[in-house]
Amino acid sequence: KNLAEAKRQLKALCYGDYKQVVVKNEQLIFERNYEDEYVYVVLNLADHEENMTFKTQLGKTLEDYLDNKQQYEIQDEMVTIDIPAFSAKVLVLL
């Protein structure tokens, strides 16, 4: 899947409210939500892998829309992911 497909399939990316979750010099995480759909876009613009922890909405799992449905477990409304250098993830709350 690619970003164009994500935008077509995930209404939160087109119509949702926008909230910044993590803002750093080379990393950004923002949340878009529309109706009951929550999507987190994670960007790593650094030249090295980054380990990122952030707060989410209530849920059990985030699923990576772009990366073969890789899943990340949410514990106490927090999730930790490793994101490769110069990459992005589109995570959907299940």
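Right above here is the structure, for reference.
Residues numbered from 1 in each chain as written. Predicted model: local features only at pLDDT ≥ 70, side-chain atom pairs only at ≥ 80, totals over all residues. Heavy atoms only, no water.

Before going further, it helps to spend a moment on the packing of aromatic side chains. Counted by the stated rule, this structure contains three aromatic pairs. Note on Tyr15 and Tyr34: the rings are 5.6 Å apart at their centroids and 45° apart in plane angle, and the pair reads as tilted. Taken together, the residues Tyr15 in helix H2 (residues 11-15) and Tyr34 in strand S2 (residues 27-34) connect sequence positions 19 residues apart. Ring centres 5.2 Å apart and planes at 40° place the aromatic pair Tyr18 and Phe30 in the tilted group. One end of the pair, Tyr18, is in strand S1 (residues 17-23); the other, Phe30, is in strand S2, and 12 residues separate them in sequence. What makes Tyr18 partly exposed here is its relative accessible area of 46%. (Phe/Tyr/Trp six-rings, centres within 6.5 Å; stacked < 30°, edge-to-face > 60°. Helix = DSSP H or I, 4+ residues; strand = E, 2+ residues; numbered from the N terminus. Buried < 20%, exposed > 50% of the residue type's maximum accessible area, 1.4 Å probe, protein only.)

Side chains bearing opposite charge may pair, as long as their charged atoms lie close to each other. Counting across every chain of the model gives three salt bridges. When the shortest N-O distance is used, the salt bridge between Lys55 and Glu77 registers 2.6 Å. Here Lys55, found in strand S4 (residues 50-55), pairs with Glu77, found in the loop between strand S6 (71-73) and strand S7 (78-83); they are 22 residues apart in sequence, far enough to count as distant. Among the ionic pairs, Lys89 bridges to Asp64, the shortest N-O distance being 3.3 Å. You can see Lys89 sitting in strand S8 (residues 87-93) and its partner Asp64 sitting in strand S5 (residues 61-64), a full 25 residues away along the chain. Of the two residues, Lys89 and Asp64, neither departs from the other in class, the shared state being buried. Here the salt bridges do not stand alone but share partners, grouping Asp64, Asp67 and Lys89 into one network. (Salt bridge = Lys/Arg side-chain N within 4 Å of Asp/Glu carboxyl O.)

Turning our attention to the pairing of S1. Of the pairings in the sheet, the one linking S1 to S2 comprises six bridges and is antiparallel in character. Bridge pairing links Val22 to Ile29 in S2. (Pairing = 2+ DSSP bridges.)

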